[in-house]
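Observations on the model geometry
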Amino acid sequence: MIQTKAFCYFDHNATTPVCKEVLEALPELAQAWGNPSSIHWGGRQPKNILRDARKAVADAVGASTLEIVFTSGGSEANNTVIKGLFDYYQTAQFLTPEQRRRTHYMCSAVEHPAVIKAMEHLKSLGARVDFIPVNRRGEIDMAFYESHLSEETALVSVMFANNETGTLFPIKQMAEIAHKKGALFHTDAVQAFGKVPVNLHELGVDFASFSGHKFYSVKGSGFLYSRKGSNFSSLINGGGQERHRRGGTENTLGIGALGVVAKRVALIPEKAEQMAKLRDHMEARILSEIEEVTITAGESPRLSNTSSLVLKGVDGETMLMSLDIKGYAVSTGAACSSGNPEPSPVLLAMGLTREEAQNSLRVSIGWETTLEQVNAFVEALKVVVARLRSLQNDEGDSCHV
Ligand SMILES: Cc1ncc(COP(=O)(O)O)c(C=O)c1O
């Protein structure tokens, strides 16, 4: 009998499958091969794609069309805000002396590397940077934040939701606090897009980053929200595309696909509830059927699709590979750190020990995940953990002979 593998995908925080709606739209989008900047007939169709996608995306996140800058994804959007604002405050003419004094930057200690490394880059250029600590529950240290924020702070960057634990941060409150000191506020909303409703005008942030491939669209597409009136230098110098805010011929295929998924945001509340039921069922089963498991930030407000598990005494990478052989895709942390033996910096920043971080597994479900898949995954995890723990016990025994 041919044994069929499960091929169940539980790594939606790394990337999502491309949805049917996008797959259907792609051939037509690819037909619009003209350059959107062309004035002749070839430019009309791609220009319309950009216009319609910009409207759909702006409506989806509670913004206006002039506030959307298309980028190649979340990393570029994050780099644009952080490096672009620093450059603007260094080089722009007509700044007030008060603006020129703003050389201090802040972000949480658990940001994606696209924020952390951009901040470290500013440090190397002479900026003062503070990383706001978080506790084991993933909660941000508000006392540290308020005491370090000052009239010299240019920008605060705190993610909407953490990619590894799913923890949600008090963005609206933090943006209000930043504004009282005259600082600008950026949120990396890459993991929130498609998992929780986002209304940027209501949130009151100045900048926000989004990525298409985390929301069932194609890779290499995303956008930056830049509140009306907020300035930054362009990261990519080139033509006058995106109202001189991002040079380079637009990725009409990716942008058109973003427009398609943006129209699906109305489904988010229902899908989030569906994922919460599945995730809670999965966690309840894991906690009752596998010994010595904890859920990192399990008590805190978090995305309804994400579970960050610590399975005592079992190496995360080995678990990942054993589950992969059975057809289950999970992660040990951020996908970009795969193959890196160092434990997740996010989990370490939250105060987990190196051993706990090394024993961690990230399970992230999606819109298409089913109860059958979740149950089959729990069964597979039980087998893998029992085997790895028994192997360890055997090894332990042999050490003593
Ligand atoms: C929170 C967060 N920000 C930014 C990114 C980077 O987005 P992109 O892959 O579109 O560059 C990711 C991707 O893992 C992420 O999880």
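Residues numbered from 1 in each chain as written. Predicted model: local features only at pLDDT ≥ 70, side-chain atom pairs only at ≥ 80, totals over all residues. Heavy atoms only, no water.

**Comments concerning unusual backbone geometry**
Excluding glycine, residues mostly have negative phi values, and the peptide bonds linking residues are mostly trans. Positive phi outside glycine occurs at Phe-94, with the angle close to 60°. As for its placement among the helices and strands, Phe-94 is situated in the loop between helix H3 (74-91) and helix H4 (97-100). Backbone geometry at Tyr-216 places phi at a positive 60°, although glycine is not the residue there. Locating Tyr-216 in the fold gives a position in the loop between strand S7 (207-211) and strand S8 (222-226). When its relative accessible area of 7% is taken as the criterion, Tyr-216 is described as buried. (Helix = DSSP H or I, 4+ residues; strand = E, 2+ residues; numbered from the N terminus. Buried < 20%, exposed > 50% of the residue type's maximum accessible area, 1.4 Å probe, protein only.)

**Observations concerning the environment of Ser-37**
Here Ser-37 is to be found in the loop between helix H1 (20-31) and helix H2 (44-60). For Ser-37 and Phe-215, which are 178 residues apart along the polypeptide, the C-alpha to C-alpha distance reads 28 Å. With near-sequence residues (within four places) excluded, Ser-37 lies in contact with Gln-241 and Glu-250. (Contact = heavy atoms within 4.5 Å.)

**Brief notes about the packing of aromatic side chains**
Within this structure, the stated rule accounts for 14 aromatic pairs. Both rings, one in Phe-10 and one in Phe-377, keep their centres 4.7 Å apart while their planes meet at 25°; by these two values the pair is stacked. With a gap of 367 residues between them, Phe-10 in the loop between strand S1 (8-9) and H1 and Phe-377 in helix H15 (residues 371-399) connect regions that are remote in the sequence. Of the two residues examined, Phe-10 and Phe-377, each falls in the buried class. Look at Phe-215 and Tyr-216: their rings are 6.1 Å apart centre to centre, the planes differ by 75°, and that puts the pair in the edge-to-face class. Through a chain of ring-to-ring contacts, the aromatic side chains of Phe-193, Phe-210, Phe-215, Tyr-216, Phe-223 and Trp-367 assemble into a single cluster. (Phe/Tyr/Trp six-rings, centres within 6.5 Å; stacked < 30°, edge-to-face > 60°.)

**Here's the deal with the site of the ligand**
Taken together, 13 residues are adjacent to the ligand, and Ser-75, Asp-188, Gln-191, Ser-211 and Lys-214 come closest. Ser-75 places a polar side-chain atom, nitrogen or oxygen, 2.7 Å from an oxygen atom of the ligand. In the environment of the ligand, an oxygen atom lies 2.8 Å from a nitrogen or oxygen atom belonging to the side chain of Gln-191. Protein coverage of the free-state accessible area of the ligand, which is 400 Å², stands at 86%. Among the elements that make up the shell around the ligand, the one with the highest residue count is H3 (3 residues). Residues belonging to the shell around the ligand are distributed by class as follows: 2 nonpolar, 9 polar and 2 charged. (Near = heavy atom within 4 Å. Polar contact = N/O pair within 3.5 Å; in protein donor to acceptor, adjacent residues only side chain to side chain. Areas by Shrake-Rupley, 256 points an atom, 1.4 Å probe, with all protein chains shown as cover. Nonpolar A, V, L, I, M, F, W, Y, C, P; charged D, E, K, R; others polar.)

**Let's talk about the domain arrangement of the protein**
When the domains of the protein are assigned, the result is domain 1 (8-15 + 267-399) and domain 2 (20-263). Computed from C-alpha atoms alone, the centre-to-centre distance between domain 1 and domain 2 is 29 Å. Contact residues are listed per partner, giving 32 residues for domain 1 and 27 residues for domain 2. Regarding the contact of domain 1 and domain 2, the summed buried area is about 2,500 Å², with carbon and sulfur atoms giving 57% of it. On the domain 1 side of the contact with domain 2, Leu-303, Val-346 and Met-350 bury the most area, a combined 24% of that side's loss. In this structure, the connection of domain 1 to domain 2 is made through 1 salt bridge. Connecting domain 1 to domain 2 are 17 residue pairs in polar contact (both at pLDDT 80 or more). Those elements giving two or more residues to the side of domain 1 that touches domain 2 turn out to be helix H11 (268-289), strand S10 (306-311) and helix H13 (345-349). Tallied by class, the residues present in the side of domain 1 that touches domain 2 amount to 15 nonpolar, 12 polar and 5 charged. (Domains from an automatic or database assignment. Buried area = accessible area lost by both parts, 1.4 Å probe. Salt bridge = Lys/Arg side-chain N within 4 Å of Asp/Glu carboxyl O.)

**Structural notes on the sheet that holds S10**
Spatial strand order, S9-S10-S12: 3 strands in an open sheet with antiparallel pairing. Edge strands, defined here as strands with exactly one partner in the open sheet, are strand S9 (293-295) and strand S12 (360-364). Each strand of the sheet is rotated relative to its neighbour by a mean of 30°, with strand direction disregarded. Relative to S10, S9 runs antiparallel, the two being bridged by 3 bridges. (Pairing = 2+ DSSP bridges. Axes fitted to C-alpha atoms, helices over the stretch in contact; angles between N-to-C directions.)

**Observations concerning the packing of H2 against helix H10 (residues 252-262)**
At a minimum axis distance of 8 Å, the contact between H2 and H10 shows a crossing angle of 40°. At the point where H2 passes H10, the crossing takes the left-handed sense. Counting all contacts with H2, which are made through Pro-46, Ile-49, Leu-50, Ala-53, Ala-56, Val-57 and Ala-60, the residues of H10 involved are Thr-252, Ile-255, Gly-256, Leu-258, Gly-259 and Ala-262. Here the contact of H2 with H10 is built from residues that sort into 10 nonpolar, 3 polar and no charged. (Left-handed = near helix turned anticlockwise from the far one by under 90°.)

**Focus: the nonpolar core**
The biggest cluster of nonpolar side chains holds 98 residues, and the ones touching the most others in it are Tyr-145, Phe-185, Leu-200, Phe-210 and Leu-381. Each of domain 1 (8-15 + 267-399) and domain 2 (20-263) accounts for three or more of the residues forming this core. Dropping the residues within four chain positions of it, Tyr-145 is found in contact with Met-106, Ile-132, Val-156, Met-174, Ile-177, Ala-178 and Phe-185. Core analysis: the second largest hydrophobic core is formed by 24 residues, Ala-77, Ile-82, Ala-92 and Leu-155 among them. (Core = buried A, V, L, I, M, F, W, Y, C linked by side-chain atoms within 4.5 Å.)

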